[in-house]
Each structure stands twice: as C-alpha cells, then as structure tokens.
Amino acid sequence: MGPAHRRGGARLSAVPAPAASPRALGAYLFGTGSWFAATGMQSVLFTWLVTVQLAESPEKVGLAQFCLLLPTLGFILFAGAVADRVGGARIALAAQALAVLPVVGLALVVGADRLAYGALVVYALAVGTAQAFLTPARDGLLPQVAGTRIQRTVVLASLVQFGVQILGYAVAGTAETVGPARVLAVQAGLLAAGAVAFAVVLRRIPPVAAPAGVAPASFLAQLREGVATVLASPPMRSVTLLNAGMGVFYMGAFQVGLPLLLRAVHGATPQQLALVNGVHMVGVV
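The sections below set out a description of the structure shown in this document.

## Things to note about helix H9 (residues 234-266)
Part 1 of the argument: The first and last C-alpha atoms of H9 sit 45 Å apart over 33 residues, in line with the 48 Å expected at 1.5 Å per residue.
Part 2 of the argument: Where H9 bends most, the angle comes to about 40°, and this point is Ala253.
Part 3 of the argument: Looking at H9, one finds that the buried residues are Phe254, Val256, Pro259, Leu260 and Leu262.
Part 4 of the argument: As for H9, its buried residues are in contact with helix H1 (22-53), helix H2 (58-86) and helix H10 (270-284).
Part 5 of the argument: Positive backbone phi, at 95°, marks Gly267, one or two positions downstream of H9.

## Brief notes about the environment of Ser238
Part 1 of the argument: Inspection of the secondary structure puts Ser238 in helix H9.
Part 2 of the argument: Residue classification places Ser238 among the partly exposed positions, given a relative accessible area of 41%.
Part 3 of the argument: A distance of 2.9 Å separates a polar side-chain atom of Ser238 from the backbone oxygen of Pro234.

## Observations regarding the environment of Val82
Part 1 of the argument: Mapped onto the fold, Val82 is located in helix H2.
Part 2 of the argument: When the C-alpha atoms of Val82 and Phe219 are compared, they prove to be 8.6 Å apart, with 137 residues separating the residues in sequence.
Part 3 of the argument: Contact partners of Val82, with chain neighbours within four places excluded, come to Gly87 and Ile91.

## Describing the packing of aromatic side chains
Part 1 of the argument: One pass over the full model with this rule turns up 5 aromatic pairs.
Part 2 of the argument: A ring pair is formed by Phe75 and Phe133, whose centres lie 6.2 Å apart and whose planes are at 35°; its orientation type is tilted. Of the two residues, Phe75 is situated in helix H2 and Phe133 in helix H4 (residues 117-146); the sequence distance between them amounts to 58 residues.
Part 3 of the argument: An aromatic cluster of at least three residues, connected via ring pairs, comprises Phe75, Phe78 and Phe133.

## Looking at unusual backbone geometry
Part 1 of the argument: Residue Ala55 is not a glycine yet carries a positive backbone phi of 50°.
Part 2 of the argument: Turning to its location among the elements, Ala55 is positioned in the loop between H1 and H2.
Part 3 of the argument: With a phi angle near 55°, Ala268 is a residue other than glycine that sits in the positive phi range.
Part 4 of the argument: Positionally, Ala268 belongs in the loop between H9 and H10.
Part 5 of the argument: For Ala268, a relative accessible area of 1% puts it in the buried group.

Analysis parameters
Residues numbered from 1 in each chain as written. Predicted model: local features only at pLDDT ≥ 70, side-chain atom pairs only at ≥ 80, totals over all residues. Heavy atoms only, no water. Helix = DSSP H or I, 4+ residues; strand = E, 2+ residues; numbered from the N terminus. Expected span 1.5 Å × (residues − 1). Bend = angle between axes of the 7 residues up to and from the residue. Buried < 20%, exposed > 50% of the residue type's maximum accessible area, 1.4 Å probe, protein only. Contact = heavy atoms within 4.5 Å. Polar contact = N/O pair within 3.5 Å; in protein donor to acceptor, adjacent residues only side chain to side chain. Phe/Tyr/Trp six-rings, centres within 6.5 Å; stacked < 30°, edge-to-face > 60°.

Here it is as structure tokens:
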C-alpha cells in the first residue's frame, strides 16, 4: 500500500504541517523501507511455506492468505482513529515493534522443525493486525516529515517501497539454501531496526497542534464523515471502486492462484516465487 495523506477520518489540511528535520525524514524512509523489505520477504517465504513445505490444498492456501489481510479489513478504520488521538509516530513505533514477535515465534517453530498450518494462521493474523495499525499511522506521518515538499516525499517513499520489496524477494529466494529460519531472523531484524527508526521520528518531529476550539470527534462520527465524503465525491468513489476491483480480481489470483500454478507445473521453489514477484514489481515501477 502506497503512501497516502489520509487517516481514519482525519483532515490533515486543517493544520499546516510544521517543518521536520532531515533526520526525521531519513528515519521515516528507513522505517518505511524496513517494513516493505520484510513484507517482500514474507510474500515469498509465507507463500512457499504454506504452498510447498506444507503442500496444503488450494482452500487452505487461500485461507492462509486471507488471514494476512483480514485484520486490515477489520481494524484499519479504528487504527486510523487511534493514530489521530495518540499520534502516528507512537502507533507506528508500537506496531512495528510488536510485529517482530510473530516473526521470531515462527522462526523458532520452523527452526525446531515443528511447522504446522495452525502456526502459519496465527502468524498471519498477528502480522496482519500489526499492519492494520501501522499503515494509517505511517501514512499519516508523511506530511509531518515532508514539510512543504509533500509530492516529492510521496514519490521518494514510493520508490523506496518498491525498491526494497525487490530486495526482500531476493533475500527470501535463498530460503531453500540458507534455511527459512535464518531468513525469518533477517526479517525480524529488519522490523526491529525499523522500530528504532520510528523512535527517532517520534523524537524529531514537532507535535501537531489540534485546531483551536475544535473538540475531537468520536470514532463513529469520524467513520460517518469519511464514508459521506467518499460517497459525495465522484473521484473518491472511482478510486475506491478501483481498489475494490483490484482486491477481488487481481490480488486473489496473484497471491493464491499463481503460486498454486507454479507448484503444479514447476515445483514453486523460493527462487521461482521470488523471480515472479520481482518481475511483477519491476513492471509496477
């Protein structure tokens, strides 16, 4: 998910973004990059573990991928409202730090040769929950670290996201050679380093003052306002429908159908999964 200037019902234009230090921007980009590099590794490794190592049925492969995304569907609006109240940097720091735990847990399970489908489902739900809280918090931070160069920073952050995901694919492609537990250890290290980077962002950005005389809206009020805003705007409605169409007609085929096809025809090695993901990302860039 690319950078955005929206958080669960927040109106970022209400308060001008104060200037942030270059170190805050650098830390933000590093924290963002660490998450997407880890996500790139996960895209290959998680799919390989459930599709090839456990050789699960198509239904179970689809369910495992569904569990990665389900928490985002359930929590992201609430997470945006929490980020508005607590502060994006604090939520990003906490969410990325907590995401380290399921990765370490899965590494221990894999290293002990006790991998089971249930462990992957628990991992998917835990990481998906961390992502649900991290995404709106991190995206909401972007105007604060960008200052007056928002568009330039959006492009820079997008390039970082796409570029490091390709590196993540390449690292995960070595899982059959170096072992999946070691790849998971690298993933956990990246997430931990990114949490430290968000701690730097938290110290470096100035606080954003709430508009004078405006009481904070309730979560339900924010949700209603956001839905009404989207429905009233033809461009927003179009983008929302496009995103929904991408989820229904593209994500399922790419994340479930393609790995199953690779398994049936070519064996679906980590190198093959990494190559398919990498070529796709090169096309996106």
